[in-house]
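# Observations on chain architecture
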Amino acid sequence: MSNYTYNKLWHETQRNLEAVAVSDFENQALEPQFDKNIAQTAIFELYVKYICIANKLEEIYDQMVQPQKRLLVRKVLDGCLGRVVELKSDLVNIDIMEFSYNDEVIEKLGLTPLDIEIRVPRYFRREREKELTTRRETMDEILKKLGCLDEQEEEEKMTELEAIRVIQMHERARQGRLRAQFMKEIRLLKEKGKPESGKDKSDSGLIAAMKIQKVWRGFATRKKTRRRKVEEMVLIGMIPPLTSTRPESLEKSENLTRLRYSIQEEYRKEFHAALQDTKEEINTKQGSVMSEDIADEVRNWFKEYKGRTGKLPDFPTEEMGGSRHLLSRQGTESEMSRSSAPSSKESRKAKDKSKSAVKSGDINVEDTFENGYKASQSTFLPELKSGIEEFNETWRDKDETMNAKQSHYEDMIFNEKYAEVEDELRKVVDDMMRQELELLQQALDRDRAQKGKKVKKSNKKARRSGKKGKKKKEKDLTPDRTTESLFEELFMNGIIKKYPETPLKSYLGDKSYVARSGINPTPGDIRQVIIEHCILPLGSEVVRNFAPCVRSILLTGSKGAGKRTLVNAICTEVGGTLFDLTPANIVGKYPGKSGLIMLMHLVSKVSRLLQPSVIYMGDAEKPFMKKIPKTDRTDPKRLKKDLPKIIKNIGPEDRVIFIGTSCAPWEADQKLLQQTYNRFIYIPRPDYGTLSYAWKTLLSQYSGVQSNFDSGAMAKISDGYTVGSIVKCLREVITCKRMLQLRLQPLTHVELINSLSTKDPVYREEEEAFIAWWGKTPLGRKRQRVLELEMEARIEKENASDKAKKGAKMKK
C-alpha cells in the first residue's frame, strides 16, 4: 500500500480511538455496577475495541515511513496495548477465570473470533535486530570454542586455471556424448538395411509396441482425469486450493515490505541528524540572547516582588519547575516554599499510591464484589488522551501535499528543539539566579542587622532531609565484571540457553467460536492469554511499567501439550534471553551454599542487564514436593527457599518473568506453589477441531501428501492424544526416504495409526487430576466460592417465590 493509504488508515483509526477513549472515560466515571453480566459486557466491549485499534496501529507503525508520525503512533500503540492488559485484568476478576468470552458483544460489533486475536507487534524484534544478531553470533562462537558446534568451512575461491580445466572437462564430456549418439544412429541405420529374418519377429515387435501404447495411454488418461476432478472440486469449494497465494505476488509483497523498512531506516537517520543539527544551530545563534532574556525576566520579577512585599522570594527548586513555576505564580503574596512544597509532596504521594494500586497482577482470593463491579483506574488513559490531542492539533488538518515522500518537517523540529534548548538554558540561568538571590538576601540581612532587626535563620537544609523508606539495594557480588563475561560464564554452564526460533503461530489451533469454561480453552485462547500476560509486558517497556505486573506463571498440562513450545515462542517473539533453572539442568553446577548464592545473584543480575528475559523451570513441582523419589538425583529442593525470593525481587520496571512448566502440579505443596506463582494456566487435551486443524496444517508441510487426504478421520482416531504426539508420529513416519516415495506410494492412514499407537494418550484419570488440582488454585477456589454464593442466592429467591405463591393460595 502507498503512503496515502496508510495515512488515511491512521486518520480513520484515530477517529475510532477517540470515540472509544470518550466511552472509556465515561465508563470510569460511572458508579459501581451490581449486575455482573452488565459490567462484564461493558468492559469486554471496550477490551475488544482496543484490540482492533491496536492491531490497526501495529500495521500502521510497521509500514509508515514518516519519522515524526511514527513517534506518535508508537506512543498511542503502547497506550492501547497497556489498556488491553488493564481491561484483561478486570475481566479476570469479574469472570474469575483467565479466559474471557462474550458472544453477544462480538456479534453486535460484527466481528469474528479471529478479529479479536491481538497481534504481537513486530517492532519488538525488528528494532533490536542488530542486538539479537550479535547475541546469536556470540553464542555460536562460544559453542565453537567448546566444540559443540562444527565450524562451517569456507569454500576456497577457484583460480582461473582451475576454472579453465573444469570447462574443458565438461566440454570434452559433451562432445563424447554427441559422438556416442552419432555412432548409435549409424548402427541403427545399418540394422534397418538388413533383410528381415522372419514374419514372426516383426509381429512380436508390433504386439509389444501396442502393449506399451495401451499402458501409457491408460496412465496418461487416468492422470488427466484425476487432475480434472481436483480442479472441479477446487472450483465448487469442496477442497481448498493447492496454493492459497501465488508465489510471485507473495514475493512481490515481501520485497515491498523490505523496501519500506529501508526507507524507514533512511528517514530515521535523517531525522535524528536534523534534530542534532537544529539544536546546535539554535544554541549557537540564539543561546546567548535567550539566556539574557530569561535572566532579565527573573530579575524584573524579583524587583516587583520586593516592591510589593518588602522581602525577597524563595526560589523554587528544579523539581518544582524553577523560574518557570515562579513566573507562573505572579501576584501571590505567600512565600513559595510554604505554598508549593507540601502540595508537591502530596501530589507525589498520590501518584505513588495510584501507581502502586495497579501494579500487582496477583489474584486475591479474598476479593469480594459486595460494593459492585467497577473497572480499575487506568494509568494509560491520560497518555491516550494526550496522544489524541497531539494528533488533533498537529496532524489531523495538516496539509501534506508538498511532502509526498513523507520525509521529516523542519518547522516542527525547530519548534521542538527551541523549547528544549530554552529548558536547558533556563536550568543554567536558574542556578545563577539562586546564587544571585542568595547574595541579595545576605546583603539585605546585613542591612537589617545594622538597623537592629532580628534575622530569621533559613531552614532549607531541614527540608532536604534524606528520603525515608528507601528500598535497600541488593549487594553486588560481581562489581568488577562486565556483562559480556557474566553472559559467557552462564552460557558455558548451560544456565543461559540457545532456544529454537519458534513463532507463536506454530502453537496450532483457532480461538474458541463459542463461550467455554476456564478449564477447557482452545489453543487460540491460550495464545491470547500468553500474549497479554507475558509477551506484551516483556516487549514494551511502557506496558511493563504501568500495567498490572505478572511476575510468574505456571503452565500445566500433559506431556506434549506444548508447554515448552510456548516458552520458546515467548522468547522468540520478544527476542528475550532464556535462563534455565530446571533441577536437572543445574545438577553439579555452582555447588554448595556459596555456589547457590552466586547462581541466584548471577541470574537476577544478568536477567535485568539483558532484559527482556525469561527465567524458566521445567518440572516446576519438584522443588515443592513433600517427598522426593529415591531415584531422583537432581536435588530439586535446592532451590525451594530461593525461588520465592527471585520472583519477589522482580520489580515492576524489570522486563523479566519467571515461567514454570509442570505435568503433575498436584504432587507439590500447594501453599508453597501458590506463594511462588501468580497465575496458573491449564492446557487441556485438544478437542476434535484442534486435532483436525493440526493434522491438516502439519500434513500440508509435506508436498507429496495428497490434498484429499482424510485428516478428519485421523482427528477422530487420535482423540485423546496431544499435538506433540502427532508431531512425533509424523516425524517417525514421513522420513526423508518416505518423502521421496510419496508421489508413487501415497501416504496411508495405517502407517500413521501404527506409529500413533506407540504413543501414550491422555488418560481420563490424569485429566480428572488436573481438573481437581485447578479447583485448588486461588482462581479455582474463588470461582467455586462465587458459584456457591450464586447458588444459595438462587435457592433463597426460589424459596421466597414459593412462599409468596403459597401465601397467595391460602388467601384465596
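See the structure above.
Below or above, wherever it landed, is the structure these notes cover. (Residues numbered from 1 in each chain as written. Predicted model: local features only at pLDDT ≥ 70, side-chain atom pairs only at ≥ 80, totals over all residues. Heavy atoms only, no water.)

### Re the packing of helix H1 (residues 3-29) against helix H3 (residues 67-95)
- Between H1 and H3, the least distance of the axes is 12 Å, while the angle of their chain directions is 40°. As H1 runs across H3, the sense of the crossing is left-handed. Of the residues in H3, those in contact with Asn7, Trp10, Gln14, Leu17, Asp24 and Gln28 of H1 are Lys69, Leu72, Val73, Val76, Cys80 and Arg83.
- Class assignment of the residues belonging to the contact of H1 with H3 gives a composition of six nonpolar, three polar and three charged. (Axes fitted to C-alpha atoms, helices over the stretch in contact; angles between N-to-C directions. Helix = DSSP H or I, 4+ residues; strand = E, 2+ residues; numbered from the N terminus. Left-handed = near helix turned anticlockwise from the far one by under 90°. Contact = heavy atoms within 4.5 Å. Nonpolar A, V, L, I, M, F, W, Y, C, P; charged D, E, K, R; others polar.)

### Looking at the packing of aromatic side chains
- Inspection of every chain in the model, using the stated rule, returns 15 aromatic pairs.
- Plain terms: the ring middles of phenylalanine 380 and phenylalanine 546 are 6.3 Å apart, the flat faces sit at 85° to each other, and that makes the pair edge-to-face. Of this pair, phenylalanine 380 sits in the loop between helix H11 (336-357) and helix H12 (381-395) while phenylalanine 546 sits in helix H17 (residues 541-546), and the two are 166 residues apart along the sequence.
- Among the residues examined, phenylalanine 380 registers a relative accessible area of 2% and is labelled buried.
- By relative accessible area, which is 31% here, phenylalanine 546 ends up partly exposed.
- Taken together, the ring pairs connect Trp10, Phe391, Trp395 and Tyr409 into an aromatic cluster.
- When the ring centre of tyrosine 61 is taken as reference, the NZ or CZ atom of arginine 70 above it lies at 4.2 Å.
- It is arginine 126 that lies over the ring of tyrosine 261; its NZ or CZ is 3.9 Å from the centre. (Phe/Tyr/Trp six-rings, centres within 6.5 Å; stacked < 30°, edge-to-face > 60°. Buried < 20%, exposed > 50% of the residue type's maximum accessible area, 1.4 Å probe, protein only. Lys NZ or Arg CZ within 6 Å of the ring centre and 35° of its normal.)

### A look at the nonpolar core
- Trp10, Tyr50, Leu57, Cys80, Ile530, Ile535 and Val614 are the most contacted members of the largest nonpolar core, which has 81 residues in total.
- Residue contributions to this core peak at 14 residues, all from helix H2 (residues 36-63).
- If you look at the next biggest cluster of nonpolar residues, it comprises 40 residues, including Met600, Ile650, Leu673 and Tyr682. (Core = buried A, V, L, I, M, F, W, Y, C linked by side-chain atoms within 4.5 Å.)

### Here we look at a nonpolar patch on the surface
- On the surface, a cluster of nonpolar side chains totalling about 320 Å² of accessible area is made up of Leu114, Tyr513 and Val514.
- Within the secondary structure, tyrosine 513 sits in the loop between strand E1 (496-497) and helix H16 (523-539). (Patch = residues over 30% accessible without salt bridge, like charges linked within 9 Å, V, L, I, M, F, W, Y side chains within 5 Å. Areas by Shrake-Rupley, 256 points an atom, 1.4 Å probe, with all protein chains shown as cover. Salt bridge = Lys/Arg side-chain N within 4 Å of Asp/Glu carboxyl O.)

### Regarding the side chain of aspartate 95
- Within the secondary structure, aspartate 95 is located in helix H3.
- Within the structure, the side chain of aspartate 95 is placed 3.3 Å from the side chain of glutamine 40, a separation counted as a polar contact.
- Among the polar contacts listed, one links the side chain of aspartate 95 to the side chain of serine 100, at a separation of 3.3 Å.
- In this view, aspartate 95 contacts Gln40, Ser100 and Arg783; residues no more than four positions away in its chain are not counted. (Polar contact = N/O pair within 3.5 Å; in protein donor to acceptor, adjacent residues only side chain to side chain.)

### Notes on a positive patch on the surface
- A contiguous patch of positive charge on the surface is contributed by Arg222, Lys223, Lys224, Arg226, Arg227 and Arg228.
- By secondary structure assignment, the location of arginine 228 is in helix H8 (residues 199-235).
- The class for arginine 228 is exposed, based on a relative accessible area of 57%. (Lys, Arg positive; Asp, Glu negative; His and termini not counted. Charge placed at Lys NZ, Arg CZ, Asp CG, Glu CD.)

### Some thoughts on helix H13 (residues 410-450)
- Over its 41 residues, H13 extends 59 Å from the first C-alpha to the last, a length consistent with the 60 Å expected when each residue adds 1.5 Å.
- Of the residues making up H13, those classed as buried are Met412, Ile413, Lys417, Val421, Leu425, Arg426, Val429, Asp430, Met433, Leu437 and Leu444. (Expected span 1.5 Å × (residues − 1).)

### Here we look at the pairing of strand E2 (residues 552-557)
- With respect to burial, E2 is a largely interior element, six of its six residues being buried.
- Of the two faces of E2, the one lined by Ser552, Leu554 and Thr556 and the one lined by Ile553, Leu555 and Gly557 are each fully buried.
- Summarising the sheet, E2 and strand E5 (residues 656-662) pair through five bridges and their orientation is parallel. Pairing of threonine 556 across the sheet is with serine 662, part of E5. (Pairing = 2+ DSSP bridges.)

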